[in-house]
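Results of the structural survey
Each chain, letter by letter, is given below.
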Amino acid sequence: MIYLDSSFALAYLLAEDRYPPNTLWHQPIVSSRLLECEVWTRINARRLQDSHGDAVRGLIGRIAIIEMVPPVLRRALEPFPIPVRTPDAIHLAAIEFIRSQGASVQLASYDERLVGAARLLGIAEWNEN
């Protein structure tokens, strides 16, 4: 299972120089509800709702969403091996919640700070190749 963060989602939606390969979309993908908020916030900030709205809805629709339930939020409040930003704490807590359910999960992210914190928690990074 692949945990998608907003850096991958936005790179795909905005066709940035670095973006996920098509093989990613053939995997089971999961993310926190936070992803939806982060993606829409960036799309709205760039005033791309009209041109990209359908693509955003399509992308969000194919991702299994983990709600920000109490166990996830409780974990996000606890310390991490290194200082993390609030959104990263929520993403990492969601990944740990998924793993606590017995699922194997890899992180797909272009955010080096998030990837570094994930590594310290034993969370594997998804390999694009």
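For the structure itself, look to the data block above.
For the structure given in this document, a descriptive report is provided here. Residue numbering note: each chain is counted from 1, following its sequence as written. Side-chain atom pairs in this predicted model are given and counted only at pLDDT of 80 or more, local residue features only at pLDDT of at least 70, and totals for whole chains, interfaces and linings cover all residues. Note: side-chain values were computed over all heavy atoms of the structure, leaving out hydrogens and water.

**Regarding the side chain of serine 7**
Among the structural elements, serine 7 can be located in helix 1 (residues 6–13). Only 3.5 Å separates the side chain of serine 7 from the side chain of serine 109, close enough to count as a polar contact. N or O atoms within 3.5 Å of each other form a polar contact, as long as, within protein, one can give a hydrogen and the other can take it, and as long as residues adjacent in sequence are counted only when both atoms are side-chain atoms. Within the local environment of serine 7, its side chain forms a polar contact with the backbone nitrogen of tyrosine 110, the two atoms lying 2.7 Å apart. Residue contacts follow a heavy-atom distance rule, with two residues in contact if any of their heavy atoms lie within 4.5 Å. When neighbours within four sequence positions are excluded, serine 7 is seen to be in contact with Ser109, Tyr110 and Asp111. Strands here mean DSSP runs of E at least two residues long; helices mean DSSP runs of H or I at least four residues long; both are numbered from the N terminus.

**Brief notes about the side chain of histidine 52**
Looking at the element boundaries, histidine 52 is found in helix 3 (residues 49–61). Exposed residues in this analysis have more than 50% of their type's maximum accessible area, buried residues have under 20%, and partly exposed residues fall in between, with area computed by a 1.4 Å probe over protein chains only. The exposure class of histidine 52 is buried, given its relative accessible area of 19%. In terms of polar contacts, histidine 52 uses its side chain to reach the side chain of serine 51, at 2.7 Å. The contact partners of histidine 52, leaving out residues within four places of it in the chain, are Leu13, Leu14 and Ile43.

**So, unusual backbone geometry**
At arginine 47, a residue that is not glycine, the phi angle is positive and equals roughly 55 degrees. Arginine 47 gets classed as exposed once you look at its relative accessible area, which sits at 70%.

**Structural notes on helix 1**
An α-helix turns once per 3.6 residues; consequently, residues spaced three or four apart project the same way. Counting buried residues in helix 1 gives 7 out of 8 residues, a clear majority hidden from the surface. Residues of helix 1 that are buried: Ser6, Ser7, Phe8, Ala9, Leu10, Ala11 and Leu13. For helix 1, the secondary structure elements touched by its buried residues are strand 1 (2–4), helix 2 (33–45), helix 3 and strand 4 (106–108). Where helix 1 ends, the next residue or the one after it, alanine 15, has phi of about 50 degrees, a positive value.

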